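Examination of the molecular architecture
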Amino acid sequence: MGRINLLDPLLSSRIAAGEVVERPQSVLREFLDNSLDAGADDITVRLEGGGIEKLEVQDNGCGIPREDLSLIATRHATSKIHDPDDLYAINTLGFRGEALYSISSVSRLTISSFDRDKEEASTLIIDNGRRYPVEPTGPETGTISSSEDLFKDIPARRTFLKRASTETNLCRSLLFSKALAFPSVRFTLKVDGAIRMQWPKAKDLKERVMMLWREYGVMSGDVQVLNKEEEDYSITVVATTSAQKRSDKKEIRIYVNSRPVEEYSMVQAVLYGYGELLPGGSYPYAAVFITDKAEMVDFNIHPAKKEVKIRNKADIHHTLSSMIKEGIERKIPEIKTSRQFYIDDAIRYENGKKVDYFGNRKEEDMTRAATPNPKVEAPYHFSGETRKEEFEDRSNAYRPKDPKWLEKAKELKAARDSVRSASVPKAKEEKEDEGFRYIGQAFNLFLIAQKGEELFLVDQHAAHERILYDEILSLRTVQKLLIPIKIEVDDLTDEFLERNCHVYTKMGISLLKEEKGRWEIAALPACCRNAEKELTDFIVSAKCDEHELEERLFATMACRSAIKQGDEVDKYAAVSILEKVFQMEEPCCPHGRTFLVKISKDTLKEMVGRTR
């Protein structure tokens, strides 16, 4: 007998299924694609045991004819492609005809559907490759697809699955990712019988994206929408201003033709667009929706369709980066309480009647969904009435019982003020400078000022650094050195300085070459005095274009000369700094970091429990 033999069909199907079905999340992805391709606008996902015991997706799509169920879930059976040319013009989420076949090989697959045209229901069951006859029963509308006992007959694969709670979270994350690109579809998630997510239909992409971003504390006022229409493609960007940032890139989401993809070049374009709007190590919230011609993209390169080849990638990359660079605003971060965030951003009123964030008037028979943390989840995961009264300040419970307490307090204050005015000379009223009042310095790091009904905290080092940077760029006073500064450089730096010494001359730094590898600084800007070491280190190491060279040099000099953290600042210096800060159009340091935050009077009152 030879060494080569043909694999059993069931075994080969399970091997092939390993490329498509890794865990319940993979099954959910394929079910959702089919529901969306069927034109559903109401999709409900049910999970039991993290989707391992049972995963079900119910939709109100067009349904599947009974005669098609005899072919469905057989290998390479699909309604999406009919000839070879269709592969290069795909307009659907699914197209290979592998998903249901793979799922039926490793679980008990049940598909029940109602055919709208013939008004008949049918059900197909395939249990780990064993197909049962189609039965004339099913739902009254749409399709219900379910997978039960995933990997039950493959114990080795099942041991690689995580705990039920972990698998649930992975499915939940996938549902969020899919739902963002389809604002006109209602999505519901039920876990072990309890509603864990309910996203109604949204009017646009921003409203849909905000259903997720509120989970991170992002407010709609800090989110912008940018649009660009080109001949072959269009781009919509929903992104935060500089007031919002996070420490990772997880919320930079890229969609191509409504499909979430892992496309590093587009993530890079987003980061290029933000540039110095955010400090180093910080990243924005951004959802990029690219609609390209079907013949310009190819999703047939990854079993899970997570990757894509884009033929006009360079054009889209440039357009996306330019859109963000020109359109995203720099905004001063504002401190708000969780109560303000919920009420201000999730509830509004129309004609005296309460409406939710999505613009729907609340019905009396609706009940609020039970969530472990209603303050966090209610604005975007709810199914019932949201009442502002639920957030009534708890400090009300500690109000004095005496109904005349307010009048007595006013009398006591008036008496105390009269005694004080008789014994202490009236202090000279502090003059407000340029519409603000300087209050003081905190921790030898922040300057505090009041302007109108808002309090501003300003990072003294970053603010002074920006002021010096602007002065350096405008003045450029050159001072000739009595004793030139000698520097030695390697061959690469020597060649770079020969090509770019004119750039330093334009900036007021006179660089003269003595011999190969030996240069001297004969003159430099007056502001660079006492910072010769930093300057020489910069010249030896910096190799960049003219514009970047100038910005980095002066930023380095400004940083070296600015007030430091821990330095005490007198009132006159502080007022001078604040005057210049409040005149800036974009208050950020030369490195791109926004150096002030604000907090309103109402926020402070609420934080200490004051209700009047």
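What comes next is a walk through the structure.

On to unusual backbone geometry. Residues other than glycine seldom take positive phi values, yet Glu119 does so here, at roughly 50°. Along the polypeptide, Glu119 turns up in the loop between strand 3 (108-115) and strand 4 (120-127). Using a relative accessible area of 61% as the deciding quantity, one classes Glu119 as exposed.

Turning to the pattern of salt bridges, a few remarks are in order. In this structure the tally under the stated criterion is 21 salt bridges. Here Asp232 makes a salt bridge to Lys293, at a shortest N to O gap of 3.2 Å. Here Asp232 is found in the loop between strand 9 (223-229) and strand 10 (233-240), whereas its partner Lys293 is found in the loop between strand 13 (286-292) and strand 14 (297-298), with 61 residues between them in sequence. According to the relative accessible area criterion, Lys293 is partly exposed, its value standing at 36%. If you follow the salt bridges from partner to partner, you end up with Lys486, Glu488, Glu514, Arg518 and Glu520 in one network.

Here we take up the environment of Asp292. Structurally, Asp292 is set in strand 13. Along the backbone, Asp292 and Arg311 are 19 residues apart, and their C-alpha atoms lie at a distance of 9.8 Å. With residues up to four places along the chain from it excluded, the contact list for Asp292 reads Asp232, Tyr233, Asn257, Val297, Ile310, Asn312 and Ile316.

Along the chain, Gln244 turns up in the loop between strand 10 and strand 11 (252-256). One polar contact links Gln244 to Asp222, side chain to side chain, over a distance of 3.1 Å. Among residues more than four places away in sequence, those in contact with Gln244 are Gly217, Val218, Met219, Asp222, Leu278 and Tyr285.

What counts and how
- Residues numbered from 1 in each chain as written.
- Predicted model: local features only at pLDDT ≥ 70, side-chain atom pairs only at ≥ 80, totals over all residues.
- Heavy atoms only, no water.
- Helix = DSSP H or I, 4+ residues; strand = E, 2+ residues; numbered from the N terminus.
- Buried < 20%, exposed > 50% of the residue type's maximum accessible area, 1.4 Å probe, protein only.
- Salt bridge = Lys/Arg side-chain N within 4 Å of Asp/Glu carboxyl O.
- Contact = heavy atoms within 4.5 Å.
- Polar contact = N/O pair within 3.5 Å; in protein donor to acceptor, adjacent residues only side chain to side chain.

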